[in-house]
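Remarks on the overall topology
Next come the chains, spelled out residue by residue.
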Amino acid sequence: MTIGLDTRLREVLGKKTWEALSEGLGLDTVGDLLGHYPFRYAQRGERTDLGALQIGEDVTVTAQVRAAVQKTFVPKGRRGSRPGGKPRDLLEVIVADEAGRTLTLTFFNQAWRAKELVAGRWGLFAGKVAQFRGRLQLNSPQYQLLAEDAADPSSAIEEFAGTLIPVYPATAEIPSWNIAKAIHTVLDMVPAPPDPLPRSLRERLHLLGYGTALRQIHRPDSHEALGAAKKRLKWQEALVMQAVLVRRKAAAAGETATAYARGGALLEAFDARLPFTITEGQRQVGEEIAAELAGEHPMHRLLQGDVGSGKTLVALRAMLQVVAHGGQAALLAPTEVLAAQHHRSIVEMLGDLARGGELGAPPEATRVVLLTGSATAAQRRSTLEAVASNAAGIVIGTHALLYDGVDFADLGFVVVDEQHRFGVEQRDALRAKADRPPHTLVMTATPIPRTVAMTVYGDLETSRLTELPAGRTPIATHVVPYTDQRWMTRTWNRVREEVAAGRQAYVVCPRVGEADQKHSGGEDAEAIGEADGDKRPPLAVVDVVEQLRGGALSGLRLGLLHGRLDTDEKDRVMRAYAAGDLDVLVATTVIEVGVNVPNATAMVVLDAERFGISQLHQLRGRVGRGSHPGLCLLVSEAAEGSSSRERLDAVASTTDGFALAELDLEQRREGDVLGAAQSGMKSHVKLLSLLKDADIIEAARAEATALIGADPELKGEPGLAELVDDLAADRGEFLEKG
């Protein structure tokens with residue numbers, strides 16, 4: 001039988017092993033298995049830090065047996081009140097790392113294991129970390145003992161014969177060493193696969209061949225060989241990904257869009273009424289966008305702007321350019337709160353220029369309409385008529401814009417706010433409502449590290465707004481220890497002081513309430529570090545608002561806002577807060593983006609350690625949007641020196657969102673930073689690090705640009721073309737950001 005990367009594992013390894021690999025890890029073919037790389041490499045006698053294990057974590061550790069003790073015990077009764085049942089044997093095995101830190105292994109009714117788990121033996125031990133009476137332990141772990149004496153080859157385990165022992169992502173059904181056995185079986189049977197990287201590239205960069213790299217990643221001869229294998233495979237991941245992006249960008253450049261000339265009466269009238277001077281950054285980005293809107297090819301641009309940088313004004317001026325020349329612009333927002341906020345602020349900025357069709361309105365005026373899923377039948381009918389007749393030049397909405405029956409007269413410009421919250425199909429559904437490919441502006445207030453932007457948004461041109469508009473004030477941020485009553489009293493007194501001075505405040509909680517347990521996703525899913533074990537549940541907004549009303553903030557006008565309120569109630573609360581009828585808004589992360597109340601100057605974030613760096617930065621951006629200084633107090637139980645406390649201290653130390661985004665990428669798993677929408681990339685990129693491999697990503701971008709430029713279909717590189725087509729078709733969802 002000829003074996004290749006497409007051969008089914010069942011044919012090579014048998015039904016039982018194939019089922020364990022397929023069901024547990026999604027590995028079905030030889031190529032899938034060889035692409036399941038080790039996540040680390042153990043060495044005999046290496047120092048494994050057993051003290052760093054986390055309760056509930058599935059681990060594979062390298063350790064040495066120190067002692068094995070057999071015990072007998074009688075199980076407790078069902079309710080723990082009286083002993084019951086037959087006596088049971090318990091084998092406790094103590095293993096340790098070189099630093100002397102210990103871990104207990106427990107085996108019930110398996111006394112025979114004491115014969116092989118003898119003091120001095122090294123092995124790999126896999127299981128879930130638990131705690132009993134203050135000691136970390138693995139209950140009934142799987143294990144594989146290493147050779148007792150390297151000079152005795154007959155006792156060596158073949159897959160661990162090398163100096164470096166691969167440790168694989170595994171499941172309870174198929175531990176790391178069984179995966180290693182399966183991979184070694186396949187490696188011995190499969191011939192060297194065709195190499196998808198161009199030969200000229202491999203020779204110029206001194207990269208290993210594909211077959212050699214696969215063997216060395218799984219059975220490394222040395223640290224040097226392993227490093228060379230990783231470099232080669234990272235290059236392959238980077239080049240395939242960048243080729244998809246470059247090819248997609250080239251295809252978009254070949255489309256034809258409606259050209260909207262610069263200026264226009266509506267835009268000029270708006271600019272003449274602005275009561276302030278736009279920043280230099282807003283002017284420069286505005287010029288870039290205006291030039292692309294006037295071109296014959298559709299614009300595909302990402303606009304990054306830190307919180308409070310004035311992205312909405314830039315987008316509005318672009319929309320007015322399109323509307324001034326007969327086109328329509330649609331703004332897609334992820335939540336009803338944000339869509340309503342955009343509608344209110346744009347109508348307010350336009351004044352009578354938003355009263356198109358009304359008596360006394362300027363001749364160049366247009367209409368601005370809002371469409372959300374909670375609109376009444378009459379509201380929806382009226383809005384749809386305005387959209388279909390071109391009476392409404394600017395259409396703002398949520399997912400409701402995507403539904404059948406929403407027909408535009410001449411959609412020429414699509415603005416997607418907080419793009420990372422939308423899926424591919426949603427974005428494409430709105431673009432499909434245009435007769436010709438529309439110009440597209442993707443906006444995000446979440447600063448994106450350079451390598452992430454290059455990887456995830458690599459098919460877009462990128463603009464950045466880095467300076468704050470005139471009049472914006474800096475925000476002071478401090479970490480407050482939750483357990484120190486003196487500090488907590490001062491925290492609530494600061495809120496009272498702001499209110500007494502005529503200003504307003506936010507209190508943010510990570511959870512809505514007890515009913516959260518039956519929900520998945522939403523505001524509560526945004527928080528990190530959910531309660532586990534004996535740790536208390538995250539603070540809930542419905543509980544906190546009542547506690548504050550009867551305690552620390554009694555006498556103040558408190559409002560409650562979260563995503564599960566009905567739309568009318570959310571709108572009523574936001575309008576009341578914006579109008580100054582509420583002193584304090586107690587809310588979840590529903591206020592994270594877009595909410596603009598210039599009079600709000602203070603924010604208290606409770607359980608702050610449960611939020612990520614970028615999310616805290618976004619929340620903080622809700623204050624200090626007026627002429628008064630902003631204050632953000634991060635209340636936390638995180639201990640001094642802990643990683644959670646370091647994360648909070650980092651947020652408190654700077655207001656530079658781009659610097660914090662780099663730190664966020666460094667501290668958190670890259671998949672968390674990219675978000676669930678990038679699942680395609682996470683399945684494709686296994687070795688490449690967006691933080692550590694920026695040089696490879698940048699070089700691969702240049703190589704891909706040259707390759708696609710010379711051979712758009714990659715006909716001269718069929719192996720690479722196959723990988724690029726596969727990623728674009730099956731796993732490229734994360735790339736669909738244009």
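Residues numbered from 1 in each chain as written. Predicted model: local features only at pLDDT ≥ 70, side-chain atom pairs only at ≥ 80, totals over all residues. Heavy atoms only, no water.

Topic: the overall build of the protein
- Helices and strands together make up the secondary structure of the protein, namely 25 helices and 21 strands.
- Counting over 738 residues, the protein shows a buried share of 52%.
- Across the protein, the fraction of contacts at a sequence separation of at least 24, relative to all contacts at a separation of at least 6, is 74%.
- Total accessible area computed for the protein in this model is approximately 32400 Å², and 49% of it derives from carbon and sulfur atoms. (Helix = DSSP H or I, 4+ residues; strand = E, 2+ residues; numbered from the N terminus. Buried < 20%, exposed > 50% of the residue type's maximum accessible area, 1.4 Å probe, protein only. Contact = heavy atoms within 4.5 Å. Areas by Shrake-Rupley, 256 points an atom, 1.4 Å probe, with all protein chains shown as cover.)

Observations concerning the packing of helix H6 (residues 210-218) against helix H7 (residues 223-253)
- Where H6 contacts H7, the axes come no closer than 8 Å and their chain directions differ by 125 degrees. Considering the angle they form, H6 stands oblique to H7. Classified by chirality, the crossing of H7 by H6 is left-handed. Of H7, the residues touching H6 (which contributes Tyr210, Ala213, Leu214, Gln216 and Ile217) are Ala225, Leu226, Ala229, Lys230, Arg232, Leu233 and Gln236.
- Taken together, the residues that form the contact of H6 with H7 break down as 8 nonpolar, 2 polar and 2 charged. (Axes fitted to C-alpha atoms, helices over the stretch in contact; angles between N-to-C directions. Parallel < 35°, antiparallel > 145°, perpendicular 65-115°, else oblique. Left-handed = near helix turned anticlockwise from the far one by under 90°. Nonpolar A, V, L, I, M, F, W, Y, C, P; charged D, E, K, R; others polar.)

Structural notes on the confidence of the model for the protein
- Within the protein, residue pLDDT values average 84, and 85% of them lie at 70 or more.
- Note on residues 525-534: pLDDT under 50 across the span, and 20 contacts to partners over four residues away in sequence or across chains.
- The low-confidence segment residues 731-738, where pLDDT is below 50, has 43 contacts with residues more than four positions distant or belonging to other chains. (pLDDT = per-residue confidence, 0-100.)

Here we look at the sheet that holds strand S14 (residues 439-444)
- Strands sit in the order S11-S12-S10-S13-S14-S9-S15 across an open sheet of 7 strands; the sheet is parallel. In the strand order of this sheet, the two ends are held by strand S11 (367-371) and strand S15 (461-465), each with one partner. Taking each pair of neighbouring strands and ignoring which way they run, the sheet shows an average axis angle of 20 degrees.
- Two strands pair when backbone bridges link them, and strand S10 (residues 328-332) and strand S13 (residues 411-417) are joined in this way by 5 bridges, in the parallel orientation. Within S13, the residue paired with Ala330 across the bridge is Val414.
- Lying on the sheet, helix H10 (residues 311-324) is in contact with strand S9 (300-305), S10, strand S12 (392-397), S13, S14 and S15; it crosses S13 at an angle near 170 degrees. (Pairing = 2+ DSSP bridges.)

So, H6
- Buried residues dominate H6, accounting for 7 of its 9 residues.
- Residues of H6 that are buried: Tyr210, Gly211, Ala213, Leu214, Gln216, Ile217 and His218.

Focus on the environment of Leu267
- Tracing the chain through its elements places Leu267 in helix H8 (residues 265-273).
- Along the backbone, Leu267 and Leu320 are 53 residues apart, and their C-alpha atoms lie at a distance of 5.2 Å.
- Excluding residues within four positions of it along the chain, Leu267 makes contact with Arg317, Leu320 and Gln321.

With respect to unusual backbone geometry
- In this model, Asn109 sits at a positive phi of 55 degrees, which is unusual for a non-glycine residue.
- Among the structural elements, Asn109 can be located in the loop between strand S4 (102-108) and strand S5 (122-132).
- Taking relative accessible area as the criterion, Asn109 reaches 45% and is therefore assigned partly exposed.
- Although it is not a glycine, Ser140 sits at a positive phi angle of roughly 50 degrees.
- Positionally, Ser140 belongs in the loop between strand S6 (135-139) and strand S7 (142-145).
- When its relative accessible area of 40% is taken as the criterion, Ser140 is described as partly exposed.

Some remarks on the packing of H7 against helix H24 (residues 694-710)
- Viewed as axis vectors pointing N to C, H7 and H24 meet at an angle of 50 degrees, and their least axial separation amounts to 8 Å. Comparing the axis directions of H7 and H24 gives the class oblique. The two elements H7 and H24 meet at a crossing, and its hand is right-handed. Mapping the contact onto sequence places Lys234, Trp235, Ala238, Leu239, Gln242, Ala243, Leu245, Val246, Arg247 and Lys249 in H7 and Ile696, Ile697, Ala699, Ala700, Arg701, Glu703, Ala704, Thr705, Leu707 and Ile708 in H24.
- Split by residue class, the contact of H7 with H24 holds 13 nonpolar, 2 polar and 5 charged.

Focus on the side chain of Thr372
- Along the chain, the position of Thr372 falls in the loop between S11 and helix H12 (377-389).
- Discounting residues that sit within four places of it in the chain, Thr372 has contacts with Glu336, Ala339, Thr398 and Ala400.

Description of the pairing of S11
- In this structure, S11 lies alongside S12, joined through 5 bridges in parallel fashion. Its bridge partner being in S12, Leu371 is matched across the sheet by Gly397.
- Note that the unit made of S11, H12 and S12 has a crossover that is right-handed. (Right-handed = clockwise from strand over helix to strand, strands pointing away.)

Topic: the pattern of salt bridges
- Applying the stated criterion across every chain, the model contains 31 salt bridges.
- For the salt bridge of Glu461 with Lys249, the shortest nitrogen-to-oxygen distance reads 2.8 Å. Of the two residues, Glu461 sits in strand S15 while Lys249 sits in helix H7, which places them 212 residues apart along the sequence.
- On the basis of relative accessible area, Lys249 is assigned to the partly exposed category, the value being 28%.
- The partner of Arg355 in a salt bridge is Glu358, and the shortest N-O contact between them spans 3.1 Å.
- A network of salt bridges, in which partner residues are shared, links Arg490, Arg494, Glu497, Glu498 and Arg503. (Salt bridge = Lys/Arg side-chain N within 4 Å of Asp/Glu carboxyl O.)

Structural notes on the side chain of Ser463
- With respect to the helices and strands, Ser463 occurs in strand S15.
- Excluding residues that lie within four positions of it along the chain, Ser463 makes contacts with Val285, Glu288, Arg301, Leu302, Leu303 and Gln304.

Let's talk about the packing of aromatic side chains
- Evaluation of the coordinates by the stated rule reveals 3 aromatic pairs.
- Ring centres of Tyr506 and Tyr577 lie 5.1 Å apart, and the angle between their planes is 50 degrees; on these two criteria the pair is classed as tilted. Of this pair, Tyr506 sits in strand S17 (residues 504-508) while Tyr577 sits in helix H18 (residues 567-578), and the two are 71 residues apart along the sequence.
- Aromatic rings pair up to connect Phe107, Phe125 and Tyr143 into one cluster.
- Note that Lys686 overlies the ring of Tyr37, its terminal NZ or CZ placed 6.0 Å from the centroid. (Phe/Tyr/Trp six-rings, centres within 6.5 Å; stacked < 30°, edge-to-face > 60°. Lys NZ or Arg CZ within 6 Å of the ring centre and 35° of its normal.)

Concerning the nonpolar core
- The biggest cluster of nonpolar side chains holds 37 residues, and the ones touching the most others in it are Met319, Leu350, Ile394, Phe413 and Leu441.
- Among the secondary structure elements, those contributing two or more residues to this core are H8, helix H9 (280-293), H10, S10, helix H11 (336-350), S12, S13 and S14.
- In terms of residue count, H10 provides more of this core than any other element does, 9 residues in total.
- Not counting residues up to four positions away in its chain, the partners in contact with Leu350 are Phe270, Arg273, Leu316, Leu320, Val368 and Ile394.
- Core analysis: the second largest hydrophobic core is formed by 32 residues, Val337, Leu565, Val590 and Ala608 among them. (Core = buried A, V, L, I, M, F, W, Y, C linked by side-chain atoms within 4.5 Å.)

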